[in-house]
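Understanding the architecture of this molecule
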Amino acid sequence: VQLQASGGGLVQAGGSLRLTCAASGRNFNNYAMGWFRQAPGKEREFVAGVSRSVSITRCAESVKGRFTISRGATRNTVSLQMDNLKPEDTALYSCAASYSATVQVITDPGRYEHWGQGTLVTVSS
């Protein structure tokens, strides 16, 4: 199983980036997927997640209204559209996948079995 995240970079405050995570190695139809981030000196935090099958989504309060998570038709890709970026959004963003027997968004990083390597997002003021 491999999760490959891409799309990070340096952007000015107010700008946009789109992160993409491509999962391979198995059928991810029954997997919830999510994006997490970790800034220097801080704990990893949930950013956004999408359920298996019908694609219920959820975003953290800190990014609600600015970030949008979506899942590709093949169910093996998940994207995070990030608009109106702020300096406090600067972090290493990682995607993750978790087998889920039910349709739900999983916000607890401890429940994710598979992780990508992360992509760095830097927002300058």
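Description of the structure in this document.

Quick notes on the rules
Residues numbered from 1 in each chain as written. Predicted model: local features only at pLDDT ≥ 70, side-chain atom pairs only at ≥ 80, totals over all residues. Heavy atoms only, no water. Salt bridge = Lys/Arg side-chain N within 4 Å of Asp/Glu carboxyl O. Helix = DSSP H or I, 4+ residues; strand = E, 2+ residues; numbered from the N terminus. Buried < 20%, exposed > 50% of the residue type's maximum accessible area, 1.4 Å probe, protein only. Phe/Tyr/Trp six-rings, centres within 6.5 Å; stacked < 30°, edge-to-face > 60°. Lys NZ or Arg CZ within 6 Å of the ring centre and 35° of its normal. Pairing = 2+ DSSP bridges. Axes fitted to C-alpha atoms, helices over the stretch in contact; angles between N-to-C directions. Contact = heavy atoms within 4.5 Å. Disulfide = S-S within 2.5 Å.

A word on the pattern of salt bridges
Counting across every chain of the model gives four salt bridges. In this structure, Asp89 and Arg37 form a salt bridge, with 2.9 Å as the shortest nitrogen-oxygen distance. Note that Asp89 is positioned in the loop between strand 8 (77–82) and strand 9 (91–99) and Arg37 in strand 4 (residues 31–38), a separation of 52 residues in sequence. A single burial state applies to Asp89 and to Arg37, both of which are buried. Ionic pairing is found between Glu61 and Lys64, a salt bridge with its closest N-O pair at 2.7 Å.

A look at the packing of aromatic side chains
Here the structure, examined in full by the defined rule, presents six aromatic pairs. Between Phe28 and Tyr31 the ring centres are 4.9 Å apart and the planes differ by 55 degrees, which places this aromatic pair in the tilted class. Accessibility assignment for this pair places Phe28 and Tyr31 in one class, buried. With centroids separated by 5.2 Å and ring planes inclined at 80 degrees, the aromatic side chains of Phe36 and Tyr112 adopt a geometry described as edge-to-face. In this pair, Phe36 sits in strand 4 while Tyr112 sits in the loop between strand 9 and strand 10 (114–115), placing the two residues 76 residues apart along the sequence. Among the aromatic residues, ring-to-ring pairing joins Phe36, Phe46, Tyr112 and Trp115 into one connected group. Above the plane of the ring of Trp115 lies Arg44, whose end atom (NZ or CZ) is 3.9 Å from the centre.

Concerning the sheet that holds strand 8
Read from one edge of the open sheet, four strands run 1-3-8-7, paired in antiparallel fashion. In the strand order of this sheet, the two ends are held by strand 1 (2–6) and strand 7 (67–71), each with one partner. Across the sheet, the axes of successive neighbouring strands diverge by a mean angle of 15 degrees, strand direction being ignored. Across five bridges, the pairing between strand 7 and strand 8 is antiparallel. Along strand 8, the bridge assignment pairs Ser70 with Ser79.

Some words on the side chain of Ser79
Structurally, Ser79 can be placed in strand 8. Discounting chain neighbours no more than four positions away, the residues touching Ser79 are Arg18, Leu19, Thr20, Trp35, Thr68, Ile69 and Ser70.

Considering the state of the cysteines
A full pass over the atoms with the stated rule returns one disulfide. The residue that forms a disulfide with Cys21 is Cys95, at a sulfur-sulfur distance of 2.1 Å. Measuring the twist about the S-S bond at about 60 degrees, one finds the Cys21-Cys95 disulfide to be right-handed. You can see Cys21 sitting in strand 3 (residues 17–24) and its partner Cys95 sitting in strand 9, a full 74 residues away along the chain. Neither residue differs from the other here; Cys21 and Cys95 are each classed as buried. Distance from the sulfur of Cys59, which forms no disulfide, to the nearest cysteine sulfur (Cys95) is 15 Å.

Shape descriptors only; they carry no functional weight alone.
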